[in-house]
Amino acid sequence: MYIILFKNLTIGFKMSANQGKISYSAAVLMSINIMVGAGILYAVGPMTASVGNVSFLGWPLIALLLCPIVWSLIQAAKLFPGEGGFYHYCATGIHPLAGCIAHWGYFLGYMGTAASVSTVLRNGLATNLGLGFIEEYPVLFNLVLVSAYALINTISLSKISKVQSIATLLKLLPIFTVLALMAFYFKSDLSVDMSSIGGLGATVSTVIFAYWGVEACCNIGGL
């Protein structure tokens, strides 16, 4: 969740404040952390519930759809070096007003995403940990959560990069564990139920949420 506010509110400010550079390895791990967000860990269950074991096709499908966006961002980063992001690209390449509209649209879209993930987080804590008071006082929970985000955003990017590097490794651990366990559970007669492939479209919104954030990786390019 911190990543959502981090990439929309903090990066541009910290870059303009010239708070130092980050290492290449830190940039790579931060980019992975942005891309491998809560979506890829949360999405598997709902996707499987929607279309069964054919749901894995949703990942390459959306990756293919996002290829033009990724390619465009790569070209924009080459044409307009330095600070990245929609505002910089649109303001420099078109007009400052276009940059303002583009970034505000992106910002408001992510605020909706932040609100959705906050709700999922609150419900998850209440259900899995039995913290019923969280559901009884949602406003208080949101206030504490936003305050925590605000405090984290006061930390310099160089320090945040170290924290995020550790967080990225911890986040990748369950993914690598599942991949390793496949060697023990793999069955030669494993088949895919293609009869449910017609419902693959139901996975689009979930997968896009997991992938979205690629633009934020451009924001740290200047550092």
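Residues numbered from 1 in each chain as written. Predicted model: local features only at pLDDT ≥ 70, side-chain atom pairs only at ≥ 80, totals over all residues. Heavy atoms only, no water.

Examining helix 5 (residues 58-79)
Taking 1.5 Å per residue as the helical rise, helix 5 with its 22 residues ought to reach 32 Å, and the 32 Å between its terminal C-alpha atoms agrees with that figure. L66 marks the point of greatest bend in helix 5, at about 40°, and the proline P68 comes within the next four residues. All buried positions along helix 5 are accounted for by G58, W59, I62, L66, L73 and A76. (Helix = DSSP H or I, 4+ residues; strand = E, 2+ residues; numbered from the N terminus. Expected span 1.5 Å × (residues − 1). Bend = angle between axes of the 7 residues up to and from the residue. Buried < 20%, exposed > 50% of the residue type's maximum accessible area, 1.4 Å probe, protein only.)

Points about the environment of K162
Following the sequence through the fold, K162 ends up in helix 10 (residues 157-185). Of the residues examined, K162 reaches a relative accessible area of 60% and is grouped as exposed. When the C-alpha atoms of K162 and S23 are compared, they prove to be 9.9 Å apart, with 139 residues separating the residues in sequence.

With respect to the confidence of the model for the protein chain
Scored by pLDDT, the protein chain has a mean of 76; 82% of the residues are at 70 or more. Considering each helix and strand of the protein chain separately, the mean pLDDT is smallest for helix 1 (residues 2-16), with a value of 41, and largest for helix 6 (residues 86-93), with 87. Across residues 1-18, where pLDDT falls below 50, the model places 54 contacts with residues more than four positions away in sequence or in other chains. (pLDDT = per-residue confidence, 0-100. Contact = heavy atoms within 4.5 Å.)

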